[in-house]
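Listed below, chain by chain, are the residues.
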Amino acid sequence: APYWFEVDAAAFLSEDGDFSIGLEAEYELLLTQRWIIQPRAELDFAAGEVASMGRGSGLVSSEIGIRLRYEFTRGVAPYIGFEHRALHGDTADIAQIAGDETSNTIFAAGLRLWF
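The following refers to the structure shown. (Residues numbered from 1 in each chain as written. Predicted model: local features only at pLDDT ≥ 70, side-chain atom pairs only at ≥ 80, totals over all residues. Heavy atoms only, no water.)

Remarks on the pattern of salt bridges
Basically, it comes down to this: Salt bridges are defined by distance alone: a side-chain nitrogen of Lys or Arg within 4 Å of a carboxyl oxygen of Asp or Glu. Think of it this way: any DSSP run of H or I at least four residues long counts as a helix, any run of E at least two long counts as a strand, and we number them from the N terminus. Per-residue accessibility, obtained with a 1.4 Å probe over protein chains only, is compared with the maximum for each type, and a residue is labelled buried under 20%, exposed over 50%, and partly exposed between these values.
Applying the stated criterion across every chain, the model contains 10 salt bridges. Among the ionic pairs, Arg40 bridges to Glu24, the shortest N-O distance being 3.1 Å. Linking Arg40 in strand 4 (residues 35-46) with Glu24 in strand 2 (residues 19-26), this pair joins segments that are 16 residues apart in sequence. Look at Arg40 and you get buried, because its relative accessible area is 15%. Here Glu28 and Arg112 are joined by a salt bridge, their closest N and O atoms 3.5 Å apart. With Glu28 in the loop between strand 2 and strand 3 (29-30) and Arg112 in strand 7 (residues 103-113), this residue pair connects regions lying 84 residues apart in the sequence. Glu28 sits in the partly exposed class, given a relative accessible area of 26%. Bridged by salt links that share partners, the residues Glu24, Arg40, Glu42, Glu63, Glu83 and Arg85 form one connected network.

Rendered as structure tokens:
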């Protein structure tokens, strides 16, 4: 992808013929040589409803987040960030009927290691 965007796409086909697609994009924005901000977004789509899995058709879910990390070395970098996850359309309706949440925001902290 242009301008250093990292873009991933995945397609899934079950034994029952259920088809879904996942798209993910992220970007690394260097504030300094060591401080990096990484916004990311992920979207999941389904071609048809799969009630047994709690999935509706169309846009199923989205995740939008951002992380800030400090690279001590290229292989060791602690980070903090947050992510908002949401279910959409029929999938959100199925979750509400089951008594589940349709969206949440999480705080994350961790250590990124490269070997």
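So, next bit.
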